[in-house]
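Spelled out, the chains give:
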Amino acid sequence: MKRALVSDIHGNLEALTAVLEDIRQQGITEIYCLGDIIGYGPNPRECIDRIMRVDACILGNHDQGALFDPEGFNSGAERAIFWTREQLEAPGGDPEQNAKRWDFLGELPRSIRENGALFVHGSARNPLNEYVFPEDIYNPKKMEKIFALTERLCFQGHTHVPGVFTEDLKFYSPDEINYSYELSDSKTLFNVGSVGQPRDGDPRACYAILEDGTVTYRRVEYPFEETIRKIHDIPDLDNFLGDRLREGK
Ligand SMILES: [Fe+2]
């Protein structure tokens, strides 16, 4: 089995297109998405249309924010969610396709469990909303609870910071492990990083590949100036949401 794990696309069509092309070139046919297809970025409809065709997708907090009333977002993110909702309701669009997108978002599961592996947006403890940041390795209480709820492997997104958490409370960023991690019998959490809004200081789109006991991280260049230009042209999307793509922050 060779499966691509993508997450946190956030309406960034240029990044998603580059990642899907990289996945195709790797000969991978199975794709799981770990949520946040939309929010922040200028192409929510197009990104949903592409993700509707992958093998499985989990609900992210921004997807949920567009479906229901957004809660717990800062004002820039909230405005982006309201703008995103308008795009999905766009009266000019094909009403059948609009309905299909809403149905798709409304039916996304919060987690998928398969042979000892859990797939969530946030964490095993709170699949939709909990952040597990690299610095949480210094919060053993939190991490022990999360590991206790993890059968063996957990794949997650949400922080936009890719890397591996081991049960002895170490965190490895992709470049510290040379972009590849061999699975053992011990419990391990993987943050697969963000396609459309990386925040680990590397502006390239990020995703992971799960294959025969190894998790590999991929970084993919994409024309972010195009995405930034689109964001700057939309008054409801803060310029900052575009500018940060240049730094990957
Ligand atoms: Fe996100």
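Position numbers for residues count from 1 along each chain, tracking the sequence in the order it is written. In keeping with the predicted nature of the model, local features appear solely for residues at pLDDT of at least 70, side-chain atom pairs appear and are counted solely at 80 or more, and the whole-chain, interface and lining totals rest on all residues. Where side-chain values are given, they derive from all heavy atoms of the structure, hydrogens and water being excluded.

Colleague: Outline the packing of helix α1 (residues 13-25) against helix α2 (residues 44-51), listing residues and values.
Modeller: Packed helices, taken two at a time, are described by their axes: the angle between them and the distance between them. Where α1 meets α2, the axes come as close as 9 Å, and the angle between the chain directions of the two elements is 25°. Comparing their axes, α2 and α1 come out roughly parallel. α2 is crossed by α1, and the crossing has left-handed handedness. Taking contact as the criterion, the partners of L13, L16, T17 and L20 in α1 are, on α2, E46, C47, R50 and I51. Where helices are involved, their axes are fitted lines through C-alpha atoms of the stretch in contact, as for all axes, and angles between N-to-C directions lie from 0 to 180°. A run of DSSP states H or I qualifies as a helix once it reaches four residues; a run of E qualifies as a strand once it reaches two. Both are numbered from the N-terminal end. Angles below 35 degrees are treated as roughly parallel, those above 145 as roughly antiparallel, those between 65 and 115 as roughly perpendicular, and all remaining angles as oblique. Here a crossing is taken to be left-handed if its near helix is turned anticlockwise relative to the far helix by less than a right angle, and right-handed if that turn runs clockwise. Any two residues having at least one pair of non-hydrogen atoms within 4.5 Å are treated as being in contact.

Colleague: Run through the side chain of D49, naming residues and quoting values.
Modeller: On the secondary structure map, D49 appears in helix α2. Under this definition, polar contacts are N or O atom pairs within 3.5 Å; protein pairs additionally need one hydrogen-donor-capable and one acceptor-capable atom, and for neighbouring residues in sequence, both atoms have to be side-chain atoms. Polar contacts involving the side chain of D49 include one to the side chain of Q97, which spans 3.1 Å. Apart from residues no more than four positions distant in its own chain, D49 is found in contact with Q97 and R101.

Colleague: Hey, could you go over empty space enclosed by the protein for me, with residue numbers and the actual values?
Modeller: Lining residues are those with an atom within 4 Å of a point, where the points come from a 1 Å grid over the protein atoms alone and group into cavities, where a 1.4 Å probe fits but cannot get out, or pockets, open sets with protein on both sides within 12 Å along at least five of seven lines. Grid points are joined across faces, edges and corners, and a volume is the space filled by probe spheres set on the points. The final tally for this structure, using the stated rule, is one cavity of 30 Å³ or more. Within this model, the largest cavity holds a volume of roughly 30 Å³. Together, I9, H10, N12, Y40, G41, G196, Q197, T227, I231, L241 and L245 line the largest cavity. Counting residues per element, the ones that place at least two in the lining of the largest cavity are α7 (224-232) and α8 (239-247).

Colleague: Outline the coordination of the iron ion, listing residues and values.
Modeller: Protein-derived ligands of the iron ion are D8 (OD), H10 (NE2), D36 (OD) and H160 (NE2), with the metal-ligand distances lying across 2.0 to 2.4 Å. Considering all four donor atoms around the iron ion, the spread of angles at the metal, 83 to 176°, places the coordination shape in the irregular class. Only nitrogen, oxygen and sulfur atoms within 2.8 Å of the metal, or 3.2 Å for Na, K and Ca, are treated as donors, and water is left out, so sites may look incomplete. Square planar and octahedral sites, with four and six donors, are those where opposite donors lie more than 155 degrees apart and all other angles lie between 65 and 115, tetrahedral sites have four donors with every angle between 85 and 135 degrees, and the rest are irregular.

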